[in-house]
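# Structural overview
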Amino acid sequence: MRFGGAILIFVAGIALGTGGAIYGPELAAPYLPEALQRKIPSLEGTVVMEKRDGDRLLLAIQTQEGSILATFKEKVAETELLISEGDSITLVLGQYKPFVEDPVIARVRKTESGQQRGDVTPPLPQEKEQHPQ
């Protein structure tokens with residue numbers, strides 16, 4: 001019985017250690033100070049072309065490292081609403097790759113002029129002038 005118990009404890013220790021190494025940093029990150037958090041490598045670029053192709057969305061992104069063709073097959077409608085041509089986008093990628101599928105989007109910054117995307121900015125409400133009576 002002692003040998004079987006030792007093997008069980010050994011296997012449980014390996015399982016906990018492996019699980020902690022894989023999932024631990026992700027679970028502990030919100031509670032750690034910024035100096036101890038792991039930096040996630042990311043690439044920033046500008047969306048130069050957006051095309052809907054059936055049930056997938058294709059984005060051509062120009063970065064400092066080169067061009068990226070990002071293919072989105074999940075959350076296509078949401079991604080299409082979020083991202084427009086000319087937007088600045090940050091993708092979480094370990095390294096530069098010219099072709100990526102369903103990359104994680106860390107940040108999207110809209111273009112300064114909505115005219116490039118065809119947006120119509122609503123006019124600001126005018127303050128009512130009060131006349132003394």
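All of the points below concern the structure found in this document. What you are looking at is a predicted structure, and each value in this text was computed from that prediction instead of being measured.

## Observations regarding the overall build of the protein chain
- Counting its regular elements, the protein chain contains 2 helices and 6 strands.
- Residues classed as buried in the protein chain amount to 20% of the 133 residues present.
- The contacts of the protein chain with a sequence gap of at least 6 include a subset with a gap of at least 24, amounting to 52%.
- Summed over all atoms, the accessible surface of the protein chain reaches about 10800 Å², with 57% contributed by carbon and sulfur.

## Quick notes on the environment of Glu101
- Position of Glu101 relative to the elements: it lies in strand S5 (residues 99–101).
- For Glu101, a relative accessible area of 56% puts it in the exposed group.
- Taking the C-alpha atoms as reference points, Glu101 and Leu69, separated by 32 residues in sequence, lie 8.5 Å from one another.
- The residues touching Glu101, leaving out its near neighbours within four places in the chain, are Thr71 and Lys73.

## What to know about the side chain of Thr90
- With respect to the helices, strands and loops of the structure, Thr90 is situated in strand S4 (residues 88–92).
- In contact with Thr90, not counting residues within four places along its chain, are Ser42, Leu43, Glu44, Val104, Ile105, Ala106, Arg107 and Arg109.

## Let's talk about the layout of surface pockets
- The calculated volume of the second largest pocket comes to roughly 160 Å³.
- Taken together, Phe72, Glu74, Lys75, Thr79, Leu82, Asp102, Pro103 and Ile105 make up the full set of residues lining the second largest pocket.
- The residue inventory of the lining of the second largest pocket, partitioned by class, reads 4 nonpolar, 1 polar and 3 charged.

## Digging into a nonpolar patch on the surface
- On the surface, a nonpolar cluster with roughly 550 Å² of combined accessible area is contributed by Phe3, Ile7, Phe10, Val11 and Ile14.
- Structurally, Phe3 can be placed in helix H1 (residues 2–28).

Reading guide: rules and limits
- Residues numbered from 1 in each chain as written.
- Predicted model: local features only at pLDDT ≥ 70, side-chain atom pairs only at ≥ 80, totals over all residues.
- Heavy atoms only, no water.
- Helix = DSSP H or I, 4+ residues; strand = E, 2+ residues; numbered from the N terminus.
- Buried < 20%, exposed > 50% of the residue type's maximum accessible area, 1.4 Å probe, protein only.
- Contact = heavy atoms within 4.5 Å.
- Areas by Shrake-Rupley, 256 points an atom, 1.4 Å probe, with all protein chains shown as cover.
- 1 Å grid on protein atoms, 1.4 Å probe; cavity = no way out; pocket = protein on both sides within 12 Å on 5 of 7 lines; lining within 4 Å.
- Points joined across faces, edges and corners; volume = space filled by probe spheres on them.
- Nonpolar A, V, L, I, M, F, W, Y, C, P; charged D, E, K, R; others polar.
- Patch = residues over 30% accessible without salt bridge, like charges linked within 9 Å, V, L, I, M, F, W, Y side chains within 5 Å.
- Salt bridge = Lys/Arg side-chain N within 4 Å of Asp/Glu carboxyl O.

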